[in-house]
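In case you want the letters, here they are:
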Amino acid sequence: MTLTVDLDTLSEWLPRQRWYATKGRVPRLRVIAAMAVPSPDPDAEIAVHLVIDEAHEAPVLYQVPVVSRSAAVDDGAGALIGRVGDRWLYDGPHDAAYAQALVAAMADSARVDVAGASLRGQVFSAPGRVTRAHVLSGEQSNTSLVCEVEGGSTPTAIVKVFRVLHHGENPDVTTQSALTAAGSHRVPASLGALVGTWPDPGRADGEARGHLAFAQEFLSGLQDAWVVARDAASRGEDFSIPARDLGVAVAEVHATLRSALPVVPAGPAEIESALVSLRRRLAIAVREVPALEPLAPRIEALYRAIAGMAWPALQRIHGDLHLGQAVRSPELGWVLLDFEGEPLRPMPERSRPDLPLRDVAGMLRSFDYVAGSLAQETPPIDAASWASTARNAFLDGYVAASGDDVRSRRALLDAFEIDKAVYEAIYEVRNRPAWIGIPLTAITRLVDRSSPPV
């Protein structure tokens, strides 16, 4: 089997994918590893390609599983990468043969080495045979397959294929696995993972290691929290009870993570490291969002003020918590998803112990975004009062379940909410300039409330 794809063909296909991270640039691609995976279909040759794009000053490494077939197949999903010679190349997750091979690889603890790279499965026991699989739509940075498994311990699983790879453990895997091991019902049960190694001349040992895929329990009948909240707000329905219950769920997840993973006192070094991250983000935002420049000195003053405060202990958190990362299960209530952390934060930062207040601030911003999104409607819907009530109910639930009166650290909480809104401002100016007023209004309100005079 040929373990490389035509780079010209790949360069045309890759920028059209939702998970391509450097849109607007012409790719400069290089295949650094290609690992053959045993195929259950004699006509399907399967290889996992690791492709580095050096078009950006910070190169990005992509995982591109490829299924090579001797004849074209029905391609309603638009998975065709191209044709090389007499072979048709398809994006692996859209091919049933890849789904079967992936689950089998995750269950195999034997290491498979090819040309300096390797694959090894972790944990997934008795998976059975995949009888049907389909790709979930709408994801930005990963590709998830819903797999129906015959004869396995879990009849249906979701397998997430990480498209952008990094050296080190992916917190989506390690955090959810720790919660599962601790018996939490606030996340889908973790089932297993696939780990890869690949050449990296920038590392001392010349090798990088990271997660390639992650399997978890499939929960049926789920309701997306963003959709539920926005529908309620658009009708003016009180959301206090669901918001309070969501606060309880987040507090329970924090408590479980505190017991399952290391907790670090917030000493001067830890506080300074967090402030470096906040200031770095603010500097980027001021360059990209000129309207932030007049507010920057007061934000900096708030950051200086919280530097001298006592901070609670740091622990593993969700890291990118908002309503879109929560679902309501008929059996379990609120469940949290996607512990990978903020896409704009460097991967090493995402696994570090952090303040639970960051998650609280993220959810508060999300309620504000419900109101902000409805204000964009024609005619606009005023849901500001709805958002204020939901925010307070969420805090009530969090405080009641955690015993931590986060309102007593208002300046610290506001600083992290400002940081999240600064993140939103960067996102909006790059993707939805018409929405930039949502984070800017919030930043102004929070600065007026908590920032000391300059």
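Residues numbered from 1 in each chain as written. Predicted model: local features only at pLDDT ≥ 70, side-chain atom pairs only at ≥ 80, totals over all residues. Heavy atoms only, no water.

Engineer: Mind showing me how you'd approach the packing of helix α7 (residues 296-307) against helix α11 (residues 410-431) here?
Structural biologist: Helix packing geometry: the angle between the two helix axes and the distance between the axes. Relative to each other, α7 and α11 sit at 135°, their axes nearing to 10 Å. Classed by the angle they form, the pair α7 and α11 counts as oblique. Between α7 and α11 lies a crossing of left-handed hand. Facing α7, whose interface residues are Ile 299, Leu 302, Tyr 303 and Ile 306, α11 presents Ala 411, Leu 412, Asp 414, Ala 415, Ile 418 and Asp 419. (Axes fitted to C-alpha atoms, helices over the stretch in contact; angles between N-to-C directions. Helix = DSSP H or I, 4+ residues; strand = E, 2+ residues; numbered from the N terminus. Parallel < 35°, antiparallel > 145°, perpendicular 65-115°, else oblique. Left-handed = near helix turned anticlockwise from the far one by under 90°. Contact = heavy atoms within 4.5 Å.)

Engineer: What should I look at first to understand the side chain of Gln 216 in this one?
Structural biologist: Checked against the element boundaries, Gln 216 lands in strand β13 (residues 207-217). In this structure the side chain of Gln 216 is engaged in a polar contact, spanning 2.9 Å, whose partner is the side chain of Gln 176. In this structure, Gln 216 is in contact with Ala 157, Ile 158, Gln 176, Pro 188, Ala 189, Ser 190 and Leu 191, ignoring residues within four places of it in sequence. (Polar contact = N/O pair within 3.5 Å; in protein donor to acceptor, adjacent residues only side chain to side chain.)

Engineer: Explain the packing of aromatic side chains to me, please; I cannot follow it from the model alone.
Structural biologist: Throughout the structure, instances matching the rule amount to nine aromatic pairs. For the ring pair Phe 239 and Phe 367, a centre distance of 6.4 Å and an interplane angle of 65° mean the geometry is edge-to-face. One end of the pair, Phe 239, is in the loop between α4 (225-234) and α5 (240-260); the other, Phe 367, is in helix α9 (residues 356-374), with 128 residues separating them in the sequence. A single burial state applies to Phe 239 and to Phe 367, both of which are buried. Judged by centre distance (5.9 Å) and plane angle (75°), the rings of Trp 311 and Phe 416 are edge-to-face. Of this pair, Trp 311 sits in the loop between α7 and β15 (326-329) while Phe 416 is found in helix α11, placing the two residues 105 residues apart along the sequence. Like Trp 311, the residue Phe 416 is buried in the burial classification. Aromatic ring contacts, followed pair by pair, group Trp 13, Trp 19, Tyr 20 and Tyr 62 into a single cluster. Between the NZ or CZ atom of Lys 420 and the centre of the ring of Tyr 423, over which it lies, the distance is 4.7 Å. (Phe/Tyr/Trp six-rings, centres within 6.5 Å; stacked < 30°, edge-to-face > 60°. Buried < 20%, exposed > 50% of the residue type's maximum accessible area, 1.4 Å probe, protein only. Lys NZ or Arg CZ within 6 Å of the ring centre and 35° of its normal.)

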